[in-house]
Amino acid sequence: MKFDGNIGDVSAAAETAADLESIGFDAATAAEVNQDPFLPLVLAADTTSTIELSTSIAVAFARSPMTLAYTAHDLQRFSGGRFTLGLGAQVKAHITRRFSMPWGRPAPQMREFVLAMRAAWACWSEGAPLDFEGEYYSHTLMTPTFVPNPHSFGAPKLALAGVGTGMTRVAGEVADGFLCHGFTTTKWIRERTIPALAEGRALAGRTLEGFDITAHVFLATGSDEAMAAGLSTIRKQIAFYGSTPAYRPVLDLHGWGDLGVELTALSKQNRWDDMAKLIDDDVVEAFSIVAPASQVPARIAERFEGVATRIGLGAQSGLSRDELAEMVAAVQAIPAGISRTVAGAGGAE
């Protein structure tokens, strides 16, 4: 199983990425939360040589397929073929009110977005005419002046994030991997995510063989004080995501739908601290791992073996380099692959 670490703020991205590479992480990721996700990866590419680099995630609908195709092409070239473009849709309020961009039907729009980018990459690398016309995007002009410099690394890998069945199915059909939202439980991955991915792969005439599924972990570890502080942060994270109506089906699956309703109501009153108090130990256990560092790999194996091929870690905890390296090596020793008993006929060992 692969283990990915986050490079955090752009000001320290170069140093952090080099550190992740030396520790043994498989990928260095950058998220689009309160900063651009691509600038840190440019810096990371310049100070590393082997570690994979990935956005986890960049907001697709805040951009056009063509602008993102150029950015991904350049990062793939600059990194020597180590770049994976991780994309997410975000939710309607952020797309329309924060980014001031149009909102359609998210799953069909994302499918079209990916296919439009792939059309641009094919035009640049294979000389195919650019002739993409869809419901949301139309790209039909590419004169030689605007074709980027070629490289030999091929198109970047592409991973899609999602929660609902529609977006997950699209990921299986048109992407190379899937990024589970942090607000996801093992039960949701087994019963909702993997079957939908298998359906999407079947639409493309493929199985889950070689398809990456990344599970992101809310993790609190380290000293007793660090775990207590981490647990407090996790309760706030779960409360924040649980207040979003689009993610409520995850709570419904566990019988916690009423919790989601209450969290949404409190969020509209800006009562964020009160929201965290509603997240009890059972909810924490379903969404996160709170354990000493020595126990974390076993907890990850118990939870994700057979349902994920990679683990994504958010901001690094207060562990020492040696402790992190030991944890990474132990997680990498966990067998990767999607169990056929979970994925059914669409799965792969």
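Scroll up a little and you will see the structure.
Residues numbered from 1 in each chain as written. Predicted model: local features only at pLDDT ≥ 70, side-chain atom pairs only at ≥ 80, totals over all residues. Heavy atoms only, no water.

What the chain contains, in helices and strands, is 15 helices and 12 strands. Relative to the 2.2 N^0.38 estimate, which gives 20 Å for 349 residues, the radius of gyration of the chain is 20 Å and therefore close to what a compact globule would have. With the C-alpha coordinates of the chain rotated into their principal frame, the extents come out at 60 × 45 × 40 Å. Counted over contacts in the chain with a minimum sequence separation of 6, partners at least 24 positions apart contribute 71%. About 15,500 Å² of surface is accessible on the chain, with carbon and sulfur atoms providing 52% of the total. Of the charged side chains in the chain, 28 are positive and 39 negative; the average position of the first set lies 6 Å away from that of the second. (Helix = DSSP H or I, 4+ residues; strand = E, 2+ residues; numbered from the N terminus. Rg over C-alpha atoms; globule rule 2.2 N^0.38 Å. Contact = heavy atoms within 4.5 Å. Areas by Shrake-Rupley, 256 points an atom, 1.4 Å probe, with all protein chains shown as cover. Lys, Arg positive; Asp, Glu negative; His and termini not counted. Charge placed at Lys NZ, Arg CZ, Asp CG, Glu CD.)

As a further point, take the packing of helix α2 (residues 38-47) against helix α3 (residues 65-78). To characterise two packed helices, one gives the angle between the axes of the helices and the distance between these axes. Two elements in contact, α2 and α3, have axes whose closest approach is 10 Å; the angle formed by their N-to-C orientations is 15°. Between α2 and α3, the interaxial angle falls into the category roughly parallel. Seen from above, α2 lies across α3 with left-handed handedness. Contact with α2, carried on its side by F38, L41, V42, A45 and D46, involves L68, T71, L75 and F78 of α3 and no other residues of that element. Classifying every residue of the contact of α2 with α3 gives seven nonpolar, one polar and one charged. (Axes fitted to C-alpha atoms, helices over the stretch in contact; angles between N-to-C directions. Parallel < 35°, antiparallel > 145°, perpendicular 65-115°, else oblique. Left-handed = near helix turned anticlockwise from the far one by under 90°. Nonpolar A, V, L, I, M, F, W, Y, C, P; charged D, E, K, R; others polar.)

Residue I57 follows S56 across a cis peptide bond; omega there is 5°. On the secondary structure map, I57 appears in the loop between β3 (52-55) and β4 (58-59). Here Q90, not a glycine, exhibits a phi torsion of approximately 60°, which is positive. Along the chain, Q90 falls in the loop between β5 (83-88) and α4 (92-98). The exposure class assigned to Q90 is partly exposed, which follows from its relative accessible area of 31%. Phi angles above zero are rare outside glycine, and N270 is one such case at about 60°. Summarising the element assignment, N270 is placed in the loop between α10 (257-268) and α11 (272-276). (Buried < 20%, exposed > 50% of the residue type's maximum accessible area, 1.4 Å probe, protein only.)

One way to put it is that α3 packs onto helix α5 (residues 106-126) with a least axis distance of 9 Å and a crossing angle of 55°. One finds that α3 runs oblique with respect to α5. By crossing handedness, the relation of α3 to α5 is classed as right-handed. Of the residues in α5, those touching α3 at P65, M66, L68, A69, Y70, A72 and H73 are F113, A116, M117, A120, W121 and W124. Of the residues belonging to the contact of α3 with α5, the class tally is 12 nonpolar, one polar and no charged.

Attention now goes to the nonpolar core. Of all hydrophobic cores here, the largest spans 85 residues; its most connected members are L85, L160 and F304. At 10 residues, α5 tops the list of elements feeding residues into this core. Setting aside chain neighbours within four positions, we find L160 in contact with L87, M110, V114, V170, A171, V174, A175, G177, F178 and L179. (Core = buried A, V, L, I, M, F, W, Y, C linked by side-chain atoms within 4.5 Å.)

Scanning all chains against the criterion turns up 19 salt bridges. In this structure, E32 and R63 form a salt bridge, with 2.9 Å as the shortest nitrogen-oxygen distance. With E32 in the loop between β2 (27-30) and α2 and R63 in the loop between β4 and α3, the pair connects residues that are 31 residues apart, well separated along the chain. With a relative accessible area of 15%, R63 lands in the buried category. Among the ionic contacts, a cluster of salt bridges with common partners joins K2, D4, E52, D212 and R310. (Salt bridge = Lys/Arg side-chain N within 4 Å of Asp/Glu carboxyl O.)

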